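# Examining the three-dimensional arrangement
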Amino acid sequence: MILSANTCNRLFWLGRYAERGYLFLHLMRKAYDEVLDVPVGETPVYSDFLKKLDVYIEGSLDTSYQIMDQLYNPETVTSLRSIIEYMMDNAIVLRTEIRTESFSYIEMCRDLIRVKSIQKDSNITNLQPITDALLAFWGSIQERVYGRARTFLMLGKMIEHIDMNIRFDYKHYRIEEAMGVLEKFIEDEPALVDKVIIAKLRAMVVDKEAYEKYDPEYKDKMLNYLNCLVVV
Amino acid sequence: MEDLLKARDSVNQWMERFGVRFGVYKNGVFNEQLFPFDAIPRQIPADEWAMLEKGLIQRVKALNMFLYDIYHDKKIVADGVVPKEFTYESKGYMPECEGITPTHNIYAHIAGIDLVQAKDGRWLILEDNLRIPSGASYPMIARKVTRKAAPQTFRDNLIADNRNYGDMLREMMDYINDGRGINVILTPGRYNSAFFEHSYLAEQTGATLAFPGDMVVENGIVYYVGLYNQKERVGAIYRRVSDEYLDPLAFEPSSLLGVPNLMEAYRAGNVGVINALGNGVADDKGIYYFVPKMVKYYLNEEPILHNAPTYLPFFKEDFDYIINNVSKLVIKDVAEAGGYGVMFGRDMTPERLEEVKQLIIKEPRRWIAQEVVDFIDLDIIDETGKPSPRKCDLRAFVISGKETKVWKSGLTRFSRNPNSFVVNSSQGGGFKDTWVME
């Protein structure tokens, strides 16, 4: 099936947002858990979670406000609500490429996040169905989507995956593994990536020692290359 | 059917999950909403359906012949069967289509014919929709869901399967395509009220869903433009964009929804357009009055299906009747659709009745009047969970490709307001599945 450039772009971004939504919840649960061990009076680790997402809050840190804002505020571009709405904006025009069954999992995420936003439900364990639906979405993609459409979805997914892994200081071997998967999809669409940038990114990924210093400047450079990699 | 009624919440959840919605603009704001589904189906017995099927095929064949005649020989006008005021002065008539013969000489590939059943059992035609009739996707997906949610109902009843609509469309599109290239469904975009249908039908037919800007015309050939400017020839376009927006170089120059130079490719016979351009001349509410006459004129047959009793103020005798009886008639603006421009005389104040009379006197060609048909009510499950009668119509879908076929189902729309006769989704109506019994 022939795909327009616009459709490819939407597939790529659907892949990115679906992965971001999944990892956002995963990492937020982790941050939630870590907050439990912070001694009273100390800054909650939760603020690290926001910083890693490039969210800088001015003024005093009110943990419950931040949680609600990051989960449900449609005006906050980094919020889970926004991520899911962006996911839907892409998915809604891709029914023919991803099929109704895969689309239905995105619809379920949106329906749930809208209900929870109204309820202002601060218990993130109640958002587990979103994680489940996103995992089912990717399973449905494996089952039903082939060729170029799948490649673009997976390129988006893997770039987002590596981006979040770098931001959250995942171990080097995790980045290397994910990069290996990304390379396989790049092989299917070699014209899509900037050759100079991919060479620079590869060089940074293989340098374990430099990466494992978790130097913010080094990370920023990697993220910069990663996010300029695909030219859709 | 008990398990189907019990499963209605589950059915609605599935519909929500599949994104079965339609868009509505209110005060300039776009909102998507679920199309309310009622689980009690309309059931049509096999013998009744057989009669409907014959009548619908007859009607659509006559309408197709009329369209060819209007844009070619014009015999029906020359013979005085249809006045020129209802053809060449109709808003739906497109002089740009003069002399163009669409692929296989078919104009109305997908006809949506609206009917109601009177209390005496007769089926009456309310409207012919030959431009972009919508709605087939809703009963199609509803059937998919209801079979899943209430399997016993479908084991206990012999119901014609309606999940073949995608296959019927694909077969027709392939015939019109004539092997020239790919099939495409052209949508105006996701903010169109029927976008769900466009995307779902593309999925079901295997056609490419094209958005404005996705196609170009080069040397009279239409191409779909893929990644890296790769081009693939288009053989048939099932367009869901109105005639006037389809080609900015031929019609509305400000249109961003169409394909520049599409008319050139169409005129050269290089692409099939479904439905053909210029069909509006045959589904004008004024021309509706003449369809039974077309059946006799072109097919030399008696019409099997009849119109609701209709009067045209254009004719002196009808004009006098309308002016004297406006309080008991339904007055319709021929230029409107979607339930807009429909006025029930019985609901109007004396002042409003007088205003309407003046409108008819001023522009007799703009209006038709119909007797209020006392059509049968069908039960729906209302907000309290109890059966409650509502006015319903039926949109039957007639597909014309190699053969003319009627889809064994249809969109049954109901009014949600118990006192209303208006069933259109844009006016808050809901829908039911239509079961053709075997």
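Every chain's residues receive numbers from 1 upward, in the order its sequence appears when written. Here every chain gets a letter starting at A, and every ligand a number starting at 1, in the order they are written. The predicted nature of this model means local features are confined to residues of pLDDT at least 70 and side-chain atom pairs, given and counted, to a pLDDT of 80 or more, with totals for whole chains, interfaces and linings taken over all residues.

### Brief notes about the overall build of chain B
Helical segments are the DSSP runs of H or I of at least four residues, strand segments are the runs of E of at least two, and each set is numbered from the N terminus. Scanning chain B from N- to C-terminus turns up 12 helices and 21 strands. Over its C-alpha atoms, taken along the principal directions, chain B stretches across nearly 60 × 55 × 45 Å. Within the span of chain B, comprising 438 residues, buried residues form 48% of the whole. Each residue is represented by a C-beta atom placed from its backbone, and any two residues with such atoms within 7 Å are regarded as in contact. Of all intrachain contacts in chain B linking residues separated by at least 6 positions in sequence, the fraction that spans at least 24 positions is 70%. Here exposure depends only on C-beta density: within 10 Å of a residue's C-beta, 20 or more other C-beta atoms make it buried, 12 or fewer make it exposed, and intermediate numbers make it partly exposed, the C-beta atoms being placed from the backbone.

### Observations regarding the overall build of chain A
For chain A, the count of helices and strands is 11 helices and zero strands. Going residue by residue from the N terminus, the α and β elements of chain A occur as α-α-α-α-α-α-α-α-α-α-α. Dimensions of chain A, computed from C-alpha atoms along their principal axes, come out at roughly 55 × 45 × 25 Å. Across chain A, the fraction of contacts at a sequence separation of at least 24, relative to all contacts at a separation of at least 6, is 68%.

### Some remarks on the domain arrangement of chain A
Throughout the structure description, domain borders are defined by an automatic or database domain assignment. Under the domain assignment used here, chain A contains domain 1 (1-145) and domain 2 (147-232). A class-by-class count of the residues in the side of domain 1 of chain A that touches domain 2 of chain A yields 13 nonpolar, two polar and five charged. Under this grouping Gly is polar, as are all residues other than the nonpolar Ala, Val, Leu, Ile, Met, Phe, Trp, Tyr, Cys and Pro and the charged Asp, Glu, Lys and Arg.

### A closer look at the sheet that holds strand S13 (residues 310-311) of chain B
All names here are of chain B. Only when DSSP finds a minimum of two bridges between them are two strands counted as paired. Ordered by their spatial adjacency, four strands build an open sheet running S13-S16-S14-S15, and the pairing between neighbours is antiparallel. Two strands close off the open sheet at either side, each with one partner strand: S13 and strand S15 (342-344). Pairing between S13 and strand S16 (residues 367-371): two bridges, direction antiparallel. Each residue of the ladder has a partner; that of Thr-310, found in S16, is Gln-370.

### Looking at the pairing of strand S6 (residues 182-186) of chain B
All names here are of chain B. A large share of S6 lies buried, amounting to five of its five residues. Burial along S6 is two-sided: Ile-182, Val-184 and Leu-186 facing one way and Asn-183 and Ile-185 facing the other are all buried. The pairing of S6 with strand S10 (residues 231-239) spans five bridges and is parallel. Bridge pairing in S10 places Ile-182 opposite Val-234. Here S6 runs beside strand S7 (residues 208-210); their pairing, made up of three bridges, is parallel. Residue pairing in the sheet places Leu-186 in a bridge with Ala-210 of S7. What joins S6 to S7 is helix H8 (residues 195-205), and the crossover it makes is right-handed. Handedness of a crossover is defined as follows: orient the strands so they point away from the viewer, and if the path from the first strand over the helix to the second runs clockwise, the crossover is right-handed.

### What about the packing of helix H1 (residues 5-35) of chain A against helix H6 (residues 128-144) of chain A?
All names here are of chain A. As a packed pair, H1 and H6 sit with axes 10 Å apart at the nearest point and diverge in direction by 145°. Regarding H1 and H6, the two cross each other, and that crossing is left-handed. Across from Ala-18, Gly-21, Tyr-22 and Leu-25 in H1, the residues of H6 making contact are Ile-130, Thr-131, Leu-134 and Phe-137. Here the contact of H1 with H6 is built from residues that sort into six nonpolar, two polar and no charged. Angles shown run from 0 to 180 degrees and are taken between the N-to-C directions of axes, each axis being a line fitted to C-alpha atoms and, for helices, limited to the stretch in contact. If you view the pair so one helix is near and one far, a crossing is left-handed when the near helix is turned anticlockwise from the far one by less than a right angle, and right-handed when it is turned clockwise.

### Examining the interface of chain B and chain A
Listed as interface residues are 20 residues of chain B and, on the opposing side, 19 residues of chain A. Of all the secondary structure elements, the ones that give two or more residues to the side of chain B that touches chain A are helix H2 (8-17), H8, S7 and strand S9 (221-225) of chain B. Ranked by residue count, the leading element in the side of chain B that touches chain A is H8 of chain B, at four residues. Considering only residue class, the side of chain B that touches chain A consists of nine nonpolar, five polar and six charged.

### Remarks on helix H11 (residues 216-227) of chain A
A helix is expected to reach a length of 1.5 Å times the quantity of its residues less one. Along its 12 residues, H11 of chain A runs 16 Å from first to last C-alpha, staying within 8% of the 16 Å computed at 1.5 Å per residue. Among the structural elements, helix H7 (147-167) and helix H9 (195-206) of chain A are those in contact with the buried residues of H11 of chain A.

### What about the pairing of S10 of chain B?
Residues and elements named next belong to chain B. Here S9 pairs with S10 via three bridges, running antiparallel. In the strand pairing of S10, Tyr-223 is matched with Arg-233. With three bridges connecting them, S10 and strand S11 (residues 272-274) associate as parallel partners. If you follow Tyr-238 over to S11, its bridge partner there is Ile-274. Assessed by its sense of winding, the connection that carries the chain from S10 through helix H9 (residues 262-267) to S11 is right-handed.

### Considerations on the packing of H1 of chain A against helix H4 (residues 80-91) of chain A
Residues and elements named next belong to chain A. One way to put it is that H1 packs onto H4 with a least axis distance of 9 Å and a crossing angle of 155°. It follows from the interaxial angle that H1 and H4 lie roughly antiparallel. With respect to the hand of their crossing, H1 and H4 are arranged in left-handed fashion. Contacts between H1 and H4 involve Arg-10, Trp-13, Leu-14, Tyr-17, Ala-18, Arg-20, Gly-21, Phe-24 and Leu-25 on the former and, on the latter, Leu-80, Ile-83, Ile-84, Tyr-86, Met-87, Asn-90 and Ala-91. Grouping the amino acids of the contact of H1 with H4 by side-chain chemistry returns 12 nonpolar, two polar and two charged. Here is the rule for angles: anything less than 35 degrees is roughly parallel, anything more than 145 is roughly antiparallel, 65 through 115 is roughly perpendicular, and the remaining ranges are oblique.

### Section: the domain arrangement of chain B
Residue and element names in this part refer to chain B. Taken domain by domain, chain B holds domain 1 (2-302 + 375-436) and domain 2 (310-371). Relative placement of domain 1 and domain 2: their C-alpha centres are 27 Å apart. In this assembly, 11 residues from domain 1 lie in contact with 11 residues from domain 2.

### Section: the environment of Ile-376 of chain B
All names here are of chain B. Its location among the elements puts Ile-376 in the loop between S16 and strand S17 (377-381). In this structure, the C-alpha to C-alpha distance between Ile-376 and Gln-117, residues 259 residues apart in sequence, is 6.0 Å. Residues contacting Ile-376, with those up to four places away along its chain left out, are Gln-117 and Lys-119.

### Description of the environment of Ala-111 of chain B
All names here are of chain B. With respect to the secondary-structure elements, Ala-111 resides in strand S4 (residues 110-117). For Ala-111, a count of 28 C-beta atoms within 10 Å translates into the label buried. Each C-alpha atom of the pair Ala-111 and Arg-416 lies 26 Å from the other, and the pair is 305 residues apart in sequence. In this structure, Ala-111 is in contact with Val-60, Leu-63, Asp-128, Asn-129, Leu-130, Pro-133 and Val-398, ignoring residues within four places of it in sequence.

### Describing the environment of Ala-118 of chain B
Residues and elements named next belong to chain B. Within the fold, Ala-118 resides in the loop between S4 and strand S5 (123-129). The class for Ala-118 is partly exposed, based on 14 C-beta atoms found within 10 Å. Sequence-wise, Ala-118 and Val-373 are 255 residues apart; in three dimensions their C-alpha atoms are separated by 6.7 Å. When near neighbours in sequence (up to four residues on either side) are disregarded, Ala-118 contacts Leu-124, Val-373, Asp-374 and Phe-375.

### A closer look at unusual backbone geometry
Peptide bonds are mostly trans, and most non-glycine residues show a negative phi. Here the residue pair Ile-274 of chain B and Asn-275 of chain B is connected by a cis peptide bond, since its omega of -15° sits within 30 degrees of zero. Along the chain, Asn-275 of chain B turns up in the loop between S11 and helix H10 (291-299). Not every positive phi belongs to a glycine, and Tyr-214 of chain A is a case in point at roughly 50°. With respect to the element layout, Tyr-214 of chain A can be found in the loop between helix H10 (208-211) and H11. Of note in the backbone geometry, Tyr-228 of chain B takes a positive phi value of approximately 60° without being a glycine.

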